[in-house]
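Summary of the model geometry
This is what each chain is made of:
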Amino acid sequence: VSVTAFCFTTALSYALSGLVDWRLAGFFVLGGALGGLGGIRLGRHLAGYKRALSFTFAGIVVVVGIFVIAAGLGR
């Protein structure tokens, strides 16, 4: 709730100061709405593959962890 209130007041302050590119803001809102709708559809479709998705995510986390360790040792 506090983050939402802070973001809203900051956005309102910028808007009232004339520092908002409304065309760009409209693209962000449209993209967020379309992405949200697409995410809902994709989530419903992928719900049946929960176990495979869990293993895939775990594999990605392990690969990124190995990469971070290797990058740290290479310095």
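Conventions adopted
- Residues numbered from 1 in each chain as written.
- Predicted model: local features only at pLDDT ≥ 70, side-chain atom pairs only at ≥ 80, totals over all residues.
- Heavy atoms only, no water.
- Helix = DSSP H or I, 4+ residues; strand = E, 2+ residues; numbered from the N terminus.
- Rg over C-alpha atoms; globule rule 2.2 N^0.38 Å.
- Buried < 20%, exposed > 50% of the residue type's maximum accessible area, 1.4 Å probe, protein only.
- Areas by Shrake-Rupley, 256 points an atom, 1.4 Å probe, with all protein chains shown as cover.
- Patch = residues over 30% accessible without salt bridge, like charges linked within 9 Å, V, L, I, M, F, W, Y side chains within 5 Å.
- Salt bridge = Lys/Arg side-chain N within 4 Å of Asp/Glu carboxyl O.
- pLDDT = per-residue confidence, 0-100.

1. Some points on the overall build of the chain
The number of helices and strands found in the chain is three helices and zero strands. Beginning at the N terminus, the succession of helices and strands in the chain can be written as α-α-α. Compactness check: the chain gives a C-alpha radius of gyration of 20 Å against a globular reference of 11 Å for 75 residues, more than 25% above the reference. Dimensions of the chain, computed from the C-alpha atoms along their principal axes, are close to 45 × 40 × 25 Å. Counting only residues that meet the buried cut, the chain has 0% of its 75 residues in that class. With an accessible surface of roughly 6900 Å², the chain has 74% of that area assigned to carbon and sulfur atoms.

2. Remarks on a nonpolar patch on the surface
Together, Leu30, Leu34, Leu37 and Ile40 make up a nonpolar patch on the protein surface, roughly 400 Å² of accessible area in all. The class for isoleucine 40 is partly exposed, based on a relative accessible area of 42%.

3. Remarks on the environment of alanine 52
Within the secondary structure, alanine 52 sits in helix H3 (residues 50-73). Here the alpha-carbon distance between alanine 52 and glycine 18, two residues 34 residues apart in the chain, equals 48 Å.

4. Let's talk about the confidence of the model for the chain
For the chain, the mean per-residue pLDDT works out to 93, and 100% of the residues sit at or above 70. When mean pLDDT is compared element by element in the chain, H3 scores highest at 96, while helix H1 (residues 2-16) scores lowest at 91.

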